[in-house]
Every structure is written in structure tokens, then in C-alpha cells.
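# Architecture at a glance
So the chains spell out like this:
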Amino acid sequence: MAATEMILNATWEHIVLVYTTLLASILVAVPLAFASLYSQRLASVVMSFANLVQAVPSFAVIAIVVPFLGIGFVPALIAIMLRALLPIIRNTYIGLTNVDPAQIDYANGIGLSEWQIQRYIRFPNAYPAMFAGIKFSAILANSIAVLTAFIGSGGLGEIIFQGLIGYNTEKLLLGAIPAIVLALLIDLSFTLLEKKLTPGYIKQ
Amino acid sequence: MIENFHEIMALWDKHLLTMRTIEHLEMFSIALTISVIIGVSVGVIIYIRPGIASPVLNFLNILETIPDLALLVILLPLLRLGTGPTIAASVIYSILPIARNTYTGLKGVDSKYIYVAEAIGLSPRDILLKVRIPMSLPLIAGGIRIALVFTMGVVTLGGLVAAGGLGTVLQNGIQLYEKDAILLAGLWTGILAVILDLGAGRIEKKLYKRYGTWQPQK
Amino acid sequence: MPTQRLFERIDSIELQQVSKKYGSRYAVESLDLTIEGGELLILIGPSGSGKTTTLRMINRMIGPDTGSIRINGQDVMQLDPVRLRRNMGYVIQNIGLFPHMTIGENVGLVPKLEGWDEKRTNARVRHLLDFVSLPPERFIKRYPRQLSGGQQQRVGLARALVMDPPLLLMDEPFGALDPILRTQLQEEFLEIKKEIGRTIVFITHDIEEAFRLGDRIAIMDNARLVQVGAPEDLIFDPVNELVADIVDTKRKFKHMDTLNVKDLMTPLDAKYILNGGVDACDAVEIMKDREIEIGIVFEKGMLAGKVEMVNLLKCEDDRPFLRDIAKPMKVFALRDSVATALSEMKRSGEYVAMVMDGDTVGGMLVSDEVLLKLI
């Protein structure tokens, strides 16, 4: 059936967009959070930027991207990233800095190198918060990806916008319901993954 | 792109940004007021009946994951186009942060104050109204601040379902590919949201200062 | 809503065979104790001995498992807890002033809930703040965190007295304060006690405080009442080793004759030092910040005397300098005998004196701390 095929195609496009963005966001955000550990100035710039931009409506972020990058998949990806980066940066940075200073002292005392401290002390400590940030970003990306169909990213939002033009209720629901199901699946899968990956010493 | 102030003002007038801003803020205030009333009530109710707290919060958490545009769109068949579904969707998103913070605040009041309140003869109702709710105000304000950001986001989407407001300008700008208009309206919407958020942040901080607790030195 | 007063005065509080168990452990076991109307009864004993549980059963914060508690013959379990508690003042160690209410609102809360009109509440609050030496015009609008620990404790007392309760329950009210402040508040409390003449049940773990304030002392240990009686009964006729241990003051004074002031003085903490050129009103703020109730005034490096917060609080228009109002204080030399110094201090009712080493300051002699060091 044509409708099924249309939905499957749009869902696939949607998933590709969401996960590409998520991956790109992680690749930018995590190193940035680590780098912020070494520069107070970078940390304060990044964190205050993250706090400010968080308040900007997604639609406005998408709109601001258009005059600079035009429309299509890449501008959409950038627009989503601008929002999805923030929770990962914030959570990772907070997790990294929230280490008991005594642990760092001790690690220095037994002669761990800077890299080893990052690897064995800071990272494991930041890990749960970082994961929560990624989960939140995935849901956020899924949500904004519906909207970026408006600037030609494709995906489930495109069916919704087609439905809006002619006020076609059936099409609205055909776009909206899979997007909702996808959101619930992301939430569920990340929750399961979180349980599986949580180190034993944190579990109750 | 934009050359000078006069051009900006001309662009502003051309796209009726004053009127759109007023529409925007009107929807925003109505939605946020309703959210605060419902959110605080839900928070108090689940505090009084702790048995239902966890299912209610879990349900609200699930609503929170739904993409905002998808939520807005599935409300259309029920509420038609316009401000109705926009306000309804804003409220649905905003109940959780307000209710959750209210509940956490009411539950988290230091037990020593509750103990003293009982000892000087306050009834359970007095304790809720005179001690727990006032002492939770900073947290409730924090929840409202999160709701404010959500509400701004959804109200901006209202432009896509003929609700008016600044989203309308963004929608037209993108459809007609008028870069100047998109940039102006996009920046203005962003600035407005940041200003409101910062204002709410200040109020929150003040409340923390005013209601901050003092511990005697050991 | 106004609640009817349950009793205007206390004739007696009778605890009969009262027990309270938590799990398999007794918090209070088979307690028989009668508190006479108008007396100040001290409950003292090691922590976990059941003092606080006993106190909390009197105002129904805790219900006994067995036995009965009767006030003027009425079983407290038959009374409405809210009404009961509004008839009793309650003061605890961590004070628990509500941080979101001003001092005036804190003290006036129960009257407001009782439906008093604003004028009557306000008059009552002002009267009480005056009574606890906090000038209402300066304090009524402040928040608890803007007050020092000692000032907060005074507000706690004012709040407890607001409904003019015939019974006061006090759970280590001065326990969290430093020794000098504690002594000061105890002295003031004795004055207040004389004036109000109510029945008071007072918990402490400080035997000095017990002797200073109590009409009778009840010693508890291991959930049981060990002995109850006037201070001299306990000293001269202790029922067992524990009581003898707790009250044995003789031992403390055994070596006193051989000790010098130097052995038992405390170093002069810089926070107590005030400059003679400071005026009285500024001094109140400084003392509040430093959490001190007494200040030692120096003028050009020379000791000018001492000032006390209670007296300074009355400062209004004239703003006198500390050097002009500082009261002379006793000065001892390093080699003076502690016994002589203490008896001189006791005679003039002072609890702190200076120790000088020639022209330089040697330290302070604080009567309570001397006793503590001797234990």
C-alpha cells in the first residue's frame, strides 16, 4: 500500500536524521565538556551559552539557521544539533566536575597520569549524568526533527505538513502517531540501555 | 543583509511584529497561568495522596517525550486550528515540571520545621498552608521557569496551526524565503524567550534568598 | 479558629507507669513521675535515656504504649492534640523559627490562627519581644537568618510564651550555644522564670545548668527514672553510682586549692574584642555578626571593661561610645588562686573576668568553663 510505504520511508528518514544528529552532537559535546575542564574561560562561555540558548524556542533556532545555511538535510541537522548539544555538554561537564576532590588528590598521590585520572576517575563518575543527557537529547532531537521537515529535512514531519496544507486529518495523524511511537521507543530503549550499562556500584 | 535601523523598523512594521508579539505574549500568559493552576494543584494532590504520585508522574513523564508538533497536531481534530490547541499543548507539557517541583518541595521541607509546627499546635491543614507551601516556593518557581521555556516553544509553533503570534512571521518568512524577515523574527523570538527566562531566573533566586533556611552553628 | 483553653494553671502532671517501646527496645519504661504545679523540673541523663521521649509524650507528639499521663487529672490522650499543644509553650535546641516568616510573624503565628485581630496580636508580639530584650521596633520585621543564634533563641522563647501557656516544655534550649552565651541566657531565663511563675519541664545534659535552674532534678538512665529530688537530695543522698557520678561536685573542687588562674583560663578569642571608639548601636551589629553576647572593650590597647548585648540593645538616639559605658570587670593575675577568683566572681554575680600578665592580656576566666575543665 502506498500509505504504508510512505510512512516507512518517512520513518526511516526520521531515524537517520535523529541518530546522525545525536552522534554528531555527542562527538562535539563530549570533547567540549572535557576541554572545559582545562579552561575556566571556555567553561564559562560554553555553560552560559548553553543556559541562554536553552530558552530559545526550537522553531526560532530553525528559522535563524535558514538565512545562513539555506534549507535541506544539513541545515536541519545543524539546527537540531544546536539544541541537542546542550544537555550533553551540561550534564557531562557537571558530572566531570562533581568528583570528590579527595579522589583526585588520592589519584595524584598514587601517581596516576592526567589521562589515567580522566579515564579511571572522572569519566566513570560523569558517566550516569552524561547518559541521562544523551537520552534527553535523543528525545529532543526526535521532537525537533518533526519540525525541521518545514525546512526540507524530510522525515515524519513532512507528512504532517502535507496534512496541514489541506487540513487533512488522516495525514496529520499518519505523521504524528509514528513520531509519538518513535519517541516512546527511544525513551524505552534508552531506559533499558541505561539499566544495562549502569555500573554495579551505582545500582541499588 | 540588513543595513540600518530604519530598514529594521520598516521590516518590523511590514511583518506586524508589534501585533504578533502581543498575540504571542497573550497566548503565552494564558497558557502559563493555566499551567501554574493545574500544575500546583496536581503537585498538592499527589502530595496529599502519595499512593498516586508515582503513576501520575510517570504518566506526565511519558507525555513529555511526545514531539511538541505531533502533540499539537493530534489535538487539532478535537480543538480545531488556532489558539485552542496551542494553549492546550503548552499546558500539557508544562504540568509536569510544575507538579513535580511542587511535589518535591512539599515533601522536602526540613522535618525540624514540621516538628516545631506540630509542637506549637498547628493543625495538618495549617502546616500545609503556612509552612510547606511557602517553604516550597523557590522550587515551585523553578518548575514554573522550566514551564515558561516549554510554553514559549509551543506557542511559537502555534504559527503553524494558525494561532498567530511570532511563529506566524517565522512560517511566512521561511515559506517565502525572506531571509531578512526570518532573521529578524527569529532573533526577536529568541531574545524575548531569553529575557523572560532570565527574569524568571531572578525571581527564583530572590525566592531562594528570601526563603533560604538558616542553620544554627554546631 | 479560637480553641478553648484546656487549663488556666497546672496543679499537677502525673505520669503513671508510662512505657514506650521502639521495636524491642524501651525508650521509656514504667515511668512514674509527678510534676508539681509551678515548679521547674529538670530531666537529665545520658543521650538515649528517654528524656526527650518523656517530654514529647506530655504534649502528645508521641503516644505512650501503656500507662497514663494526666494533666490536672485529665488524660492527655483524651484531649485534642492541637488544643493541647496551644496550651503549652515549646522550645527546642535548634529553635526552628520558620525562615520564611519575619520575627513578628513567627511569634504571632498561633495567635493569628486563633483568630486574634491584628492589633491584639501585634501588641502581644511587641510585649514579648520586649520581655526577651529584643526591642520590637528593630526586630519585628527582620527574618530569622538576620539574627544571631542567641537572638533566635530569645525569639524561640517569645514564641513559646505567646499564648500565655501555663506549661513550658524546653528541650535543651541552650544546648547549641557557646558557653558564655549559654550562661548569659540562663541568667536571663532565671529572671524570666521568677516573673512568669509557670510550670516548666526542662531537658539538659549539663549538670551545672540543672543546678542553676532546677527546683527538682529527675535523673534518667536507660529508659528508667533513677532518682528525682532537689539538688541537695541528689548530692547528699544519691541512690546509686550513676547519680553520684552525675552530681558529684566535690570531686571537681578537690584540687582547686592548688590551681592557679593560669591553669584554667581560656585564651582571649579575638571575636570578643571591641574597640572603645565604636558606638553602642554599631557594636550591636558587630556582636550579632560575631555571635557574641558579651564584648571586652579595649581603648588604645588598655582594657576599658565589658559590655553586654542586653544593655546595648536599648541604645537609641544618644549612641554612646563603648569606652564611656563599658562596665568595669574583675581582673586577675596569672598566679592568683582559682578558688579565690571564682568565689570573688560568684559574690559579684559575674561569670567572666580578665586575666592579665603584667600589662598584656593573658586570657579570660569563664566560670562555667573552669568547672567543665575540672570535671
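Before reading further, recall that the structure is shown in the block above.
Structure report, in brief. As the structure is a computational prediction, the values presented were derived from the model and not from experiment.

What counts as what
- Residues numbered from 1 in each chain as written.
- Chains lettered and ligands numbered in written order.
- Predicted model: local features only at pLDDT ≥ 70, side-chain atom pairs only at ≥ 80, totals over all residues.
- Heavy atoms only, no water.
- Helix = DSSP H or I, 4+ residues; strand = E, 2+ residues; numbered from the N terminus.
- Rg over C-alpha atoms; globule rule 2.2 N^0.38 Å.
- Buried < 20%, exposed > 50% of the residue type's maximum accessible area, 1.4 Å probe, protein only.
- Contact = heavy atoms within 4.5 Å.
- Salt bridge = Lys/Arg side-chain N within 4 Å of Asp/Glu carboxyl O.
- Axes fitted to C-alpha atoms, helices over the stretch in contact; angles between N-to-C directions.
- Parallel < 35°, antiparallel > 145°, perpendicular 65-115°, else oblique.
- Left-handed = near helix turned anticlockwise from the far one by under 90°.
- Nonpolar A, V, L, I, M, F, W, Y, C, P; charged D, E, K, R; others polar.
- Buried area = accessible area lost by both parts, 1.4 Å probe.
- Polar contact = N/O pair within 3.5 Å; in protein donor to acceptor, adjacent residues only side chain to side chain.
- Pairing = 2+ DSSP bridges.
- Patch = residues over 30% accessible without salt bridge, like charges linked within 9 Å, V, L, I, M, F, W, Y side chains within 5 Å.
- Areas by Shrake-Rupley, 256 points an atom, 1.4 Å probe, with all protein chains shown as cover.

### Describing the overall build of chain C
Looking only at helices and strands, one finds 17 helices and 16 strands in chain C. By the compact-globule yardstick of 21 Å for 375 residues, chain C fits well, its C-alpha radius of gyration being 22 Å. Taken over the C-alpha atoms alone, chain C extends approximately 65 × 55 × 35 Å along its principal axes. By residue count, 57% of the 375 residues in chain C fall in the buried class. Relative to all contacts within chain C whose residues are 6 or more apart in sequence, the contacts with residues 24 or more apart total 65%.

### Here's the deal with the side chain of Ser143 of chain A
Its place among the elements puts Ser143 of chain A in helix 6 (residues 114-148). According to the relative accessible area criterion, Ser143 of chain A is buried, its value standing at 9%. Setting aside residues no more than four positions away along its own chain, Ser143 of chain A makes contact with Pro67 and Asp68 of chain B.

### Here's the deal with the pattern of salt bridges
All names here are of chain C. By the definition in use, this model includes 24 salt bridges over all chains. A salt bridge links Arg319 to Asp279, with the shortest nitrogen-to-oxygen separation between them at 2.9 Å. Taken together, the positions of Arg319 in the loop between helix 14 (309-312) and helix 15 (322-325) and Asp279 in the loop between strand 11 (273-275) and helix 13 (280-290) put the pair 40 residues apart, joining distant regions of the chain. Relative accessible area serves as the criterion here: at 40%, Arg319 is assigned to the partly exposed category. The buried category is assigned to Asp279, whose relative accessible area is 12%.

### Quick look at the packing of helix 5 (residues 83-108) of chain B against helix 7 (residues 124-157) of chain B
Residue and element names in this part refer to chain B. Across the interface, helix 5 lies against helix 7 with an axial gap of 7 Å and an inter-helix angle of 150°. Relative to helix 7, the element helix 5 lies roughly antiparallel. For the element pair helix 5 and helix 7, the recorded crossing hand is right-handed. For the contact of helix 5 with helix 7, the class distribution of residues is 15 nonpolar, 11 polar and 3 charged.

### Let's talk about unusual backbone geometry
Residue and element names in this part refer to chain C. A positive phi angle is found at Asp164, which is not glycine, with a value near 55°. Its location among the elements puts Asp164 in the loop between helix 6 (149-161) and strand 7 (167-171). Overall, the relative accessible area of 42% leaves Asp164 in the partly exposed class. Of note, the phi angle at Glu172 is positive, near 45°, even though the residue is not glycine. Mapped onto the fold, Glu172 is located in the loop between strand 7 and helix 7 (179-196).

### Observations regarding the interface of chain C and chain B
Contacts between chain C and chain B engage 28 residues on the former and 24 residues on the latter. Taken together, the two surfaces of chain C and chain B that pack against each other cover about 2500 Å², and 66% of this comes from carbon and sulfur. Contact with chain B buries surface across chain C, with Pro99, His100 and Arg145 of chain C losing the most and accounting together for 24% of the total. Taking the shortest distance from any N to any O, the salt bridge between Arg86 of chain C and Asp126 of chain B comes out at 3.3 Å. At the junction of chain C and chain B, the tally comes to 6 residue pairs in polar contact (both at pLDDT 80 or more). Of all the secondary structure elements, the ones that give two or more residues to the side of chain C that touches chain B are helix 2 (81-86), strand 6 (88-92), helix 3 (103-113) and helix 6 of chain C. In terms of residue count, the dominant contributor to the side of chain C that touches chain B is helix 3 of chain C (4 residues).

### Some points on the side chain of His14 of chain A
Residues and elements named next belong to chain A. Relative to the assigned elements, His14 resides in helix 1 (residues 2-36). Looking at His14, its side chain comes within polar contact range of the main-chain nitrogen of Leu156, at 3.3 Å. Apart from the residues within four sequence positions on either side, His14 is in contact with Asn142, Ala145, Val146, Gly155, Leu156 and Leu182.

### Observations regarding the sheet that holds strand 14 (residues 331-333) of chain C
Note: strands within a sheet are paired through backbone hydrogen bonds, in either parallel or antiparallel orientation. Residues and elements named next belong to chain C. The strand order across the open sheet formed by 3 strands is 14-15-16, and the pairing between neighbours is mixed. If you trace the sheet from one side to the other, it starts and ends with strand 14 and strand 16 (360-366), each paired once. For this sheet, the mean angle separating the axes of adjacent strands, direction not counted, is 35°. The pairing of strand 15 (residues 352-357) with strand 16 spans 6 bridges and is classified as antiparallel. Looking at strand 16, one finds that Met356 is bridged to Val361. Where helix 16 (residues 338-348) meets the sheet, its contacts fall on strand 14, strand 15 and strand 16, and the angle it forms with strand 14 comes to roughly 175°.

### Section: a nonpolar patch on the surface
Residues and elements named next belong to chain A. On the surface, Trp12, Val16, Phe68, Leu69, Phe73, Val74, Ile78 and Leu82 cluster together into a nonpolar patch covering about 750 Å² of accessible area. Of all the secondary structure elements, the ones that give two or more residues to the nonpolar patch are helix 1, helix 3 (58-69) and helix 4 (73-97). Of all the elements, helix 4 adds the most residues to the nonpolar patch, at 4 residues. Examined against the element boundaries, Ile78 turns out to sit in helix 4.

### Brief notes about the interface of chain A and chain B
On the side of chain B, 38 residues touch chain A, which itself brings 35 residues to the contact. Summing the contributions of chain A and of chain B, the shared interface buries around 3100 Å²; its carbon and sulfur component is 84%. The largest per-residue losses of area from chain A upon contact with chain B belong to Phe59, Pro67 and Tyr167 of chain A, which jointly make up 20% of the total buried on that side. At the junction of chain A and chain B, the tally comes to 0 salt bridges. Where chain A meets chain B, there are 2 residue pairs in polar contact (both at pLDDT 80 or more). The set of elements that each furnish at least two residues to the side of chain A that touches chain B consists of helix 2 (40-54), helix 3, helix 6, helix 7 (156-166) and helix 8 (169-197) of chain A. If one sorts the elements of the side of chain A that touches chain B by residue count, helix 8 of chain A sits on top with 9 residues.

### With respect to the sheet that holds strand 7 of chain C
Residues and elements named next belong to chain C. Strand order in this open sheet of 6 strands is 6-7-8-3-9-10, and the pairing throughout is mixed. Of all strands in the sheet, those with a lone pairing partner are strand 6 and strand 10 (224-229), marking the two edges. If you compare each strand with its neighbour and ignore which way they point, the axes differ by 15° on average. The sheet contact formed by strand 7 and strand 8 (residues 199-204) spans 5 bridges and is parallel. Among the inter-strand pairings, Asp171 is bridged to a residue of strand 8, identified as Ile203.

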